[in-house]
Amino acid sequence: MNFLALIEAKRDGGTLSANQLREIIAAVVAHRIADYQLAAFLMAVFFRGLNAEETTALTLAMRDSGDVLKFPKDARPLVDKHSTGGVGDKVSLPLAPLLACLGFRVPMISGRGLGITGGTLDKLDSIPGFKTLLPAARIVEIVQQLGCVICGQTDRMVPADKKLYALRDVTGTVPSIPLIVASILSKKLAESLDALILDVKFGSAAFMQTKADARRLAKAMVALGRKCGVNTRAILTDMNTPLGHSAGNWLEVKESVACLDPATSGDPGLSDLRELVLTCAAHLLVQTGKAKSLNDACQQAEGCLNSGAPRKKWDEMLAAQGAELDTFNHKLTLDHTAPVVLELKAPSSGFITKCDARLIGEVIRDLGGGRLTKDSAVNPDVGLDRIVKVGERVRSRDMLCRVHAADCSQAKAAGARLEAAFGISSQRVKKPSLLSETITH
Ligand code: URA
């Protein structure tokens, strides 16, 4: 393969054949292409784009660059959810056991956070003993037995994405729609799914800041997913304010368990998280023909969540993945696990107009809850909880949130920065709607 000719072809706006793209991916995985040439190729794709055929060929070649999970035939459909990431986005945690209880199999292969968006695996790492790295055979075994697993990609799954993503990250070529589509879908297609729901976020703390960009990405992923035989839908959701009332790894696990607890079904602080979890489950019920309408599906999902069965399934999943359940359940009873907790107070009375997810995400990352580079260590205990919601009424000196930090000076510095994250007005403010659009084709 003359890779230089392929770089030049893409640089000049040419189209690459499926064969050429397969050869490129084979060479990437075999380390036969120098990083500087691959970087040049990625930049050419960034500027020239890939058409639908090229994107499909690239995605399938990436999927086939490693192991694809193989499941025995079973009446339970294989489903998953992918989120483009946000602050406080812990939906995967309660969703996996809920879906298992609704009669699905869920091989949820998740990732780590980078920057301000949290990663499911980082959240799960805060559970004592929980293993996120499992061999493919064990992933299949747990899914067949329990209906769900949440774990990381094995070294042998989609190795082409690992290599390409690491280079994109340092060459300014991450925000390219065809490269994002191929990266996300190659990993989801390696799970051998029947149906997939995509939560594409827009707003200040989202990968796609505008709704129009989120829609473009969602449409591209839905079209390609369907073309590859996976019934794919996307929802566009608001990421200008954090989801739920906690953000930070352990605090989000705690909130996820609360969401699974039927006793909290009326808790207003959990209503947006519950709404999103139930909506994702409802779409998958409709996509797989297990419900006739979204309304029926929502009721089915809500009934299941309120039954308490998904809470029990969560414990079963934890035990299967090595968690020390007694230690975990004791940890849940603690008010906090970080050394210092500081309350941020409202400076005046009124209605909350703003709760800036981007700033909150940055503060949590700087408290040690996220990563600045791939190799940064993450502190599981830091973050914010009891975060007020937009539209809520507060009185002067009421709590806006609690800051969980490693020491007093970090807590104070975070508190000072967070003052700008909240806005208060004497005028009543409407609660922003979380769900914006559904993309089905
Ligand atoms: N998440 C991924 O897995 N890949 C991308 O390219 C962007 C977000």
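Structure's up top.
What you see is a predicted model, and the numbers here were worked out from it, not measured in a lab.

About the thresholds
- Residues numbered from 1 in each chain as written.
- Predicted model: local features only at pLDDT ≥ 70, side-chain atom pairs only at ≥ 80, totals over all residues.
- Heavy atoms only, no water.
- Helix = DSSP H or I, 4+ residues; strand = E, 2+ residues; numbered from the N terminus.
- Buried < 20%, exposed > 50% of the residue type's maximum accessible area, 1.4 Å probe, protein only.
- Contact = heavy atoms within 4.5 Å.
- Pairing = 2+ DSSP bridges.
- Axes fitted to C-alpha atoms, helices over the stretch in contact; angles between N-to-C directions.
- Parallel < 35°, antiparallel > 145°, perpendicular 65-115°, else oblique.
- Left-handed = near helix turned anticlockwise from the far one by under 90°.
- Nonpolar A, V, L, I, M, F, W, Y, C, P; charged D, E, K, R; others polar.
- Near = heavy atom within 4 Å.
- Polar contact = N/O pair within 3.5 Å; in protein donor to acceptor, adjacent residues only side chain to side chain.

Student: What exactly am I supposed to notice about the environment of Leu243 here?
Tutor: Secondary-structure assignment places Leu243 in the loop between strand E5 (231-238) and helix H11 (249-260). Looking at Leu243, the relative accessible area reads 2%, which means it is buried. Sequence-wise, Leu243 and Ala357 are 114 residues apart; in three dimensions their C-alpha atoms are separated by 8.7 Å. Not counting the four nearest positions on each side in its chain, Leu243 is found in contact with Val87, Gly88, Asp89, Lys90, Val91, Glu255, Asp272, Leu273, Leu276, Lys389 and Leu434.

Student: Explanation requested: the sheet that holds strand E7 (residues 350-355) in the structure shown.
Tutor: By way of backbone hydrogen bonds, the strands of a sheet pair with one another, either parallel or antiparallel. With respect to topology, three strands assemble into an open sheet ordered E9-E7-E11, the strand pairing being antiparallel. Strand pairing shows two members of the sheet lacking a second neighbour, strand E9 (393-394) and strand E11 (422-425), which therefore form its edges. Looking at chain direction, E7 and E9 are connected through two bridges and run antiparallel. The partner of Phe351 across the bridge, within E9, is Arg393.

Student: Would you explain the packing of helix H7 (residues 136-146) against helix H14 (residues 309-320) in this entry?
Tutor: Pairs of packed helices are described in terms of their axes, by the angle between the two and the distance that separates them. One way to put it is that H7 packs onto H14 with a least axis distance of 11 Å and a crossing angle of 155°. The orientation of H7 relative to H14 falls into the category roughly antiparallel. In the packing of H7 onto H14, the handedness of the crossing is right-handed. Here Arg138, Ile142 and Leu146 of H7 come into contact with H14, specifically with Lys313, Glu316, Met317 and Ala320. Along the lines of polarity and charge, the residues of the contact of H7 with H14 split into four nonpolar, no polar and three charged.

Student: Explain the site of the ligand to me, please; I cannot follow it from the model alone.
Tutor: Neighbouring the ligand are Tyr165, Arg168, Ile180, Ser183, Ile184, Lys187 and Phe207. Ser183 has a polar side-chain atom sitting 2.6 Å from a nitrogen atom of the ligand. Residue Lys187 places a side-chain N or O atom 2.5 Å away from an oxygen atom belonging to the ligand. Among the elements of the structure, helix H8 (159-171) and helix H9 (177-189) are those that each provide at least two residues to the shell around the ligand. Counting residues per element, the shell around the ligand draws most heavily on H9, which supplies four residues. Its residues assigned to classes, the shell around the ligand comprises four nonpolar, one polar and two charged.

Bear in mind that shape data such as this cannot, by itself, settle questions of function.
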